[in-house]
Amino acid sequence: QVQLVESGGGLVQTGGSLRLSCTASGSSDSFDVMAWYRQAPGKERELVAASRTWGSRYYADSVKGRFTTFRDNAKNTLYLQMNSLRPEDTAMYYCAAGPGPINAPIPQTWGQGTQVNVTS
């Protein structure tokens, strides 16, 4: 069974940057869509960004122009580069993989999450 392990979270000031990584224990080619979700306290989990194995990307409106997701298929790793961070980006960030349309994937595997805290 493939497992996903995230890393790269932490504490950053408003306007700062972080890069999250999600490494799959198996081949990332087996997942049509890999995605980043986040969940803030008291809020529902939301889709932040998604990527197909080769090509298209999806971004939530709230992160367009600030976040970039990309895959290194040779390393079975998905990244989320987060720039111009805001306090409202504070959340637990999860990596997930599965089939489905890129703007509404159907996660079949989840990582354990990595916490991002943005201070004002």
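Look a little higher up for the structure.
Only a predicted model underlies this, so the values are computations on that prediction, with no experimental measurement involved.

Undergrad: Please clarify how the environment of Ala 24 should be interpreted in this entry.
TA: Relative to the assigned elements, Ala 24 resides in strand 3 (residues 18–24). For the pair Ala 24 and Lys 75, spaced 51 residues apart in the sequence, the C-alpha separation amounts to 8.5 Å. If we ignore the near neighbours within four places in the chain, the residues touching Ala 24 are Val 2, Gln 3, Leu 4 and Asn 76.

Undergrad: So what exactly am I meant to see when it comes to the sheet that holds strand 1 (residues 4–7) here?
TA: Strand pairs in the sheet, formed through backbone hydrogen bonds, run parallel or antiparallel to each other. Taken together, the 4 strands give an open sheet; going across it, the order is 1-3-8-7, and neighbouring strands pair in antiparallel fashion. Both outer strands of the open sheet, strand 1 and strand 7 (67–72), are each paired with one neighbouring strand and no more. Each adjacent strand pair in this sheet contributes to an overall mean axis angle of 15°, direction not counted. In this sheet, strand 8 (residues 77–82) lies alongside strand 3 in antiparallel orientation, the contact comprising 6 bridges. Looking across to strand 8, one finds that Thr 23 is bridged to Thr 77.

Undergrad: Please clarify how the environment of Arg 38 should be interpreted in this entry.
TA: By the secondary structure assignment, Arg 38 is in strand 4 (residues 33–39). Sequence spacing of Arg 38 and Asp 61 is 23 residues, and the spatial spacing of their C-alpha atoms is 14 Å. Beyond its immediate stretch of four places on either side in the chain, Arg 38 contacts Glu 44, Arg 45, Glu 46, Val 48, Ser 62, Val 63, Phe 67, Glu 88, Asp 89, Ala 91, Met 92 and Tyr 93. Side-chain polar atoms of Arg 38 contact the side chain of Ser 62, separated by 3.5 Å. Only 2.9 Å separates the side chain of Arg 38 from the side chain of Asp 89, close enough to count as a polar contact.

Undergrad: What exactly am I supposed to notice about the side chain of Thr 69 here?
TA: With respect to the helices and strands, the residue Thr 69 is situated in strand 7. A distance of 2.8 Å separates a polar side-chain atom of Thr 69 from the backbone oxygen of Tyr 79. Beyond its immediate sequence surroundings of up to four residues, Thr 69 is in contact with Trp 36, Ala 49, Ala 50, Ser 51, Arg 57, Tyr 59, Leu 78, Tyr 79 and Leu 80.

Undergrad: Explanation requested: unusual backbone geometry in the structure shown.
TA: Leaving glycine out, the prevailing phi sign among residues is negative, and the prevailing peptide bond configuration is trans. The phi angle at Asn 76 is positive, at roughly 50°, despite the residue not being glycine. For Asn 76, the location among the structural elements is in the loop between strand 7 and strand 8. Relative accessible area serves as the criterion here: at 17%, Asn 76 is assigned to the buried category. Of note, Ser 84 is a non-glycine position whose phi angle comes to about 50°, a positive value.

Cut-offs used in this document
Residues numbered from 1 in each chain as written. Predicted model: local features only at pLDDT ≥ 70, side-chain atom pairs only at ≥ 80, totals over all residues. Heavy atoms only, no water. Helix = DSSP H or I, 4+ residues; strand = E, 2+ residues; numbered from the N terminus. Contact = heavy atoms within 4.5 Å. Pairing = 2+ DSSP bridges. Axes fitted to C-alpha atoms, helices over the stretch in contact; angles between N-to-C directions. Polar contact = N/O pair within 3.5 Å; in protein donor to acceptor, adjacent residues only side chain to side chain. Buried < 20%, exposed > 50% of the residue type's maximum accessible area, 1.4 Å probe, protein only.

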